[in-house]
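Coordinate analysis (summary)
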Amino acid sequence: MFFTFASSRGRQLLAALGPGLLMAGAAVGVSHLVQSTRAGAEYGTSLLALVLLACVFKYPFLEFGPRYAAATGENLLQGYRRLGRWALGLFVIITLGTMLIIQAGVTVVAAGLAGLVFGLEASITQLSAGVLIGCLAILAIGRYSGLDLMMKIIMAALAVSTVAAVALALGSEPDWGALDPLANLDAVWTASGFAFVLALLGWMPIPLDVAAWHSLWTLERAEQTGHRPSVRHAVIDFQIGYAGATVLAVLFLLLGALMLHGSGEALPQSGVAFAGRLVDLYAQTLGEWSRSIIAVAALTTMFSTTLAVTDAYPRALRALIEMSGVATDEGSAEHKHRARYIGALLLVSTGALLVIHYFVQRSSGFTALIDFATTVSFLAAPVIAWLNLKLLTSEHTPAEHRPRGALLALAHAGLWFLVTFCAIWIAWRLA
């Protein structure tokens, strides 16, 4: 009987696994491949402690997404509405204000890698259009199950190749001074250094609005499997993905520090050139034979990130539309549900392409776009953190599933961490 019970619990846990890896796949993109690598290249390991602190302090607010979904059967957007229309309105303003920029940011990096891997002589707008068309095809045809399977394969491949690259870099007699966390503190405490710190923290390891995405993915996974996960299993799924995203953030920072710091090399300002330099890092450590393999792995990783983001925003927009009370007749409810998702997919993709064409391609503002998007996400973080904490400690969450003890204490500490850094940024900008 014990083994039957254990087997049943194991099957239930396996049924719950998936949304956490989607979250990790969305995280291990620009924040890791671009921002973490830049952090290591420009400041060595001086920002490593801050990266880890950001991951620790953001943990509760991101975990609250799957926790709430599993505890109530509702997504976070429905929870915000229970707090009041003002709460949902705040989230809508933040989402609409960052949606196209974030979508454009992840798409540009994927497009740059696509151009590199396939040797395409095309503009960044054309490459980005190709990436988004690929995402639209997968999401329109394969739906959630296709997204889930692809993410699991890609994340495993990236993890193995990145661990190997860092291990070989450490074994190749690197400049150990680059690993001294105190060596570059003076460079951090400058106007440009502080601006980069805030940009880094904005998406490290992922923006807090992903908690709402995660709650939607948790419910979609439950519908796919026919099994609503327990809160414990939903949290375990989240923890697996979050731990992976945190470890990979550290590895990318170390790779940048070991291979680029102190070289005097200026990092490329275009998406295609940055993608090429990133692949060079792997080839230098693993060997030239690995260049094509790593290029494909990096491309699939960024494509998975773009795929996750391309799914998340339309899914959130659809939920918002359906919560607004739009009338739908019973016979066509499923059709309208799907049509709204496809419509939102086209809207977000088209908007992102316009941002890429007019901001990135015409002004070569790749890193400027990324820094702006990540800074906006960081400034929005205290608001989302507060909303999530308020919801999870309210009567709308079953008492037995509300955060308590160490988790609640960490949430309060994390909120103060985010508020403090935002206050410092505002004071710095006004000075």
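Residues numbered from 1 in each chain as written. Predicted model: local features only at pLDDT ≥ 70, side-chain atom pairs only at ≥ 80, totals over all residues. Heavy atoms only, no water.

Bringing the pattern of salt bridges into the picture now. Going through the model one piece at a time under the given rule, you end up with six salt bridges. Notably, a salt bridge pairs Glu 74 with Arg 82, separated by 2.5 Å at the nearest N-O pair. Among the charged side chains, a salt-bridge network with shared partners connects Glu 220, Asp 311 and Arg 315. (Salt bridge = Lys/Arg side-chain N within 4 Å of Asp/Glu carboxyl O.)

Position of Thr 397 relative to the elements: it lies in the loop between helix 16 (366-392) and helix 17 (405-430). Accessibility expressed as a relative area gives 1% for Thr 397, which makes it buried. Of note is the side chain of Thr 397, whose polar atom sits 3.0 Å from the backbone oxygen of Leu 391. If sequence neighbours within four positions are ignored, Thr 397 has contacts with Tyr 68, Leu 391, Leu 392 and Arg 402. (Helix = DSSP H or I, 4+ residues; strand = E, 2+ residues; numbered from the N terminus. Buried < 20%, exposed > 50% of the residue type's maximum accessible area, 1.4 Å probe, protein only. Polar contact = N/O pair within 3.5 Å; in protein donor to acceptor, adjacent residues only side chain to side chain. Contact = heavy atoms within 4.5 Å.)

In this structure, Glu 400 sits in the loop between helix 16 and helix 17. Sequence separation of Glu 400 and Ala 71 is 329 residues, and the distance between their C-alpha atoms is 9.1 Å.

Right, let's get into the packing of helix 2 (residues 19-27) against helix 11 (residues 210-225). Contact geometry of helix 2 with helix 11 gives a least axis separation of 9 Å together with a crossing angle of 145 degrees. The crossing of helix 2 and helix 11 is right-handed. Facing helix 2, whose interface residues are Pro 19, Gly 20, Leu 22 and Met 23, helix 11 presents Val 210, His 214, Trp 217, Thr 218 and Arg 221. Here the contact of helix 2 with helix 11 is built from residues that sort into five nonpolar, three polar and one charged. (Axes fitted to C-alpha atoms, helices over the stretch in contact; angles between N-to-C directions. Left-handed = near helix turned anticlockwise from the far one by under 90°. Nonpolar A, V, L, I, M, F, W, Y, C, P; charged D, E, K, R; others polar.)

What follows deals with the packing of helix 4 (residues 48-72) against helix 12 (residues 231-259). Running from N to C, helix 4 and helix 12 cross one another at 160 degrees; their axes reach a closest spacing of 9 Å. By the angle between their axes, helix 4 is roughly antiparallel relative to helix 12. For helix 4 against helix 12, the interelement crossing comes out right-handed. The residue makeup of the contact of helix 4 with helix 12, split by class, is 18 nonpolar, two polar and three charged. (Parallel < 35°, antiparallel > 145°, perpendicular 65-115°, else oblique.)

To continue, consider the nonpolar core. Core analysis: the largest hydrophobic core is formed by 123 residues, its most contacted members being Leu 47, Phe 61, Leu 77 and Tyr 80. At 15 residues, helix 14 (residues 291-323) tops the list of elements feeding residues into this core. Apart from residues no more than four positions distant in its own chain, Tyr 80 is found in contact with Ala 87, Leu 88, Phe 91, Ile 384, Leu 387, Asn 388 and Leu 391. (Core = buried A, V, L, I, M, F, W, Y, C linked by side-chain atoms within 4.5 Å.)

This part covers empty space enclosed by the protein. By the definition in use, this model includes five cavities of 30 Å³ or more. Space inside the largest cavity adds up to approximately 120 Å³. Looking at the lining of the largest cavity, the elements with two or more residues in it are helix 2, helix 3 (30-43), helix 6 (85-118), helix 11 and helix 14. Top contributing element to the lining of the largest cavity by residue count: helix 14, with three residues. Split into classes, the residues belonging to the lining of the largest cavity amount to 13 nonpolar, three polar and no charged. (1 Å grid on protein atoms, 1.4 Å probe; cavity = no way out; pocket = protein on both sides within 12 Å on 5 of 7 lines; lining within 4 Å. Points joined across faces, edges and corners; volume = space filled by probe spheres on them.)

Each aromatic ring pair is summarised here by two numbers: the centre-to-centre distance and the angle between the ring planes. A full pass over the atoms with the stated rule returns eleven aromatic pairs. Plain terms: the ring middles of Tyr 80 and Phe 91 are 5.4 Å apart, the flat faces sit at 40 degrees to each other, and that makes the pair tilted. Of this pair, Tyr 80 sits in helix 5 (residues 76-83) while Phe 91 sits in helix 6, and the two are eleven residues apart along the sequence. With a relative accessible area of 1%, Phe 91 lands in the buried category. Aromatic rings pair up to connect Phe 57, Phe 417 and Phe 421 into one cluster. (Phe/Tyr/Trp six-rings, centres within 6.5 Å; stacked < 30°, edge-to-face > 60°.)

With that out of the way, let us pick up the side chain of Ser 36. In this structure, Ser 36 sits in helix 3. For Ser 36, a relative accessible area of 0% corresponds to the buried category. Sequence-distant contacts of Ser 36, that is, excluding residues within four places in its chain, are made with Ser 31, Leu 200, Met 204, Ala 249, Phe 252 and Leu 253.

Before going further, it helps to spend a moment on the confidence of the model for the protein chain. For the protein chain, the mean per-residue pLDDT works out to 80, and 80% of the residues sit at or above 70. When pLDDT is averaged over each element of the protein chain, helix 5 comes out on top at 95 and helix 1 (residues 2-16) at the bottom at 52. (pLDDT = per-residue confidence, 0-100.)

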